[in-house]
Amino acid sequence: MKNTILQLTNIVQRASLIENRDEQISYIVDSICEAISVDVCSVYVLGQDNDMHLIASHGLLNNHKIKIPDLKGIVGEVVKTRHAVNIANARSHPSYYHIEGIAEDRFSSFCGVPVVRYGSVIGVLTVQRIAAEKLSEESEAFVATLASQLSHLIQHRASVSENNANLRLKGIRGASGIGIGNVLLC
């Protein structure tokens with residue numbers, strides 16, 4: 001892994017230039033795979049029904065909507081414990097849950113970190129490798145840091161999908177990262 005801080009900065013800065021939230025999430029997921037050399041990176045969002053919904057993935061077959069029901073599996077374990085799970089052999093974990101149709105069984109290692117917003121877990125960011133080896137502490141910290149970045153995008157994505165009354169206003173760019181105006185949050 002190259003200079004971690006520079007990679008994080010580069011990913012966050014480039015993602016901030018993408019206007020579409022779903023594309024930002026996909027860019028971050030793709031960048032994680034490249035930066036820490038993992039075969040899969042996925043983002044699951046916690047639904048109101050306690051189901052985990054896959055919203056972005058690099059490396060999994062996801063031709064249809066993927067849902068993990070009722071906080072099952074290792075992903076559900078991350079939500080319940082609010083702690084990262086980093087293991088070399090996911091299939092041997094007592095909470096392992098098989099999902100049909102995504103060809104996940106070819107991946108051995110698993111690392112999932114909670115995506116937390118205002119003290120509540122709203123999702124899980126996972127990475128997987130074919131090789132049966134735990135993610136390094138540095139790589140796990142890298143994933144956890146980007147999970148905090150994703151929390152802003154996921155929270156906004158959920159509020160837009162739940163309430164179609166949100167309005168997105170376009171403006172003229174002045175300088176990168178600077179905005180002037182008034183905002184009313186309800």
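Residues numbered from 1 in each chain as written. Predicted model: local features only at pLDDT ≥ 70, side-chain atom pairs only at ≥ 80, totals over all residues. Heavy atoms only, no water.

What follows is about the environment of Lys72. Tracing the backbone through its elements, the reader meets Lys72 in the loop between β3 (67–68) and α3 (73–81). We classify Lys72 as partly exposed; its relative accessible area is 41%. Lys72 sits 23 residues away from Ser95 along the chain, and the two C-alpha atoms are 7.1 Å apart. (Helix = DSSP H or I, 4+ residues; strand = E, 2+ residues; numbered from the N terminus. Buried < 20%, exposed > 50% of the residue type's maximum accessible area, 1.4 Å probe, protein only.)

This part takes up the confidence of the model for the protein chain. Mean pLDDT over the protein chain: 86, with 81% of residues reaching 70 or higher. The spread of mean pLDDT over the elements of the protein chain runs between helix α4 (residues 137–162), the lowest at 81, and strand β4 (residues 85–87), the highest at 97. (pLDDT = per-residue confidence, 0-100.)

Right, let's talk about the pattern of salt bridges for a bit. In the structure shown here, the tally under the stated rule is two salt bridges. For Lys67, the salt bridge identified is with Asp51, shortest N-O distance 3.4 Å. Of this pair, Lys67 sits in strand β3 while Asp51 sits in the loop between β1 (40–46) and β2 (52–58), and the two are 16 residues apart along the sequence. Accessibility expressed as a relative area gives 42% for Lys67, which makes it partly exposed. Given the relative accessible area of 8%, Asp51 is considered buried. Arg129 is the salt-bridge partner of Glu133, the closest N and O atoms lying 3.3 Å from each other. Owing to a relative accessible area of 40%, Glu133 belongs among the partly exposed residues under this scheme. On the basis of relative accessible area, Arg129 is assigned to the buried category, the value being 13%. (Salt bridge = Lys/Arg side-chain N within 4 Å of Asp/Glu carboxyl O.)

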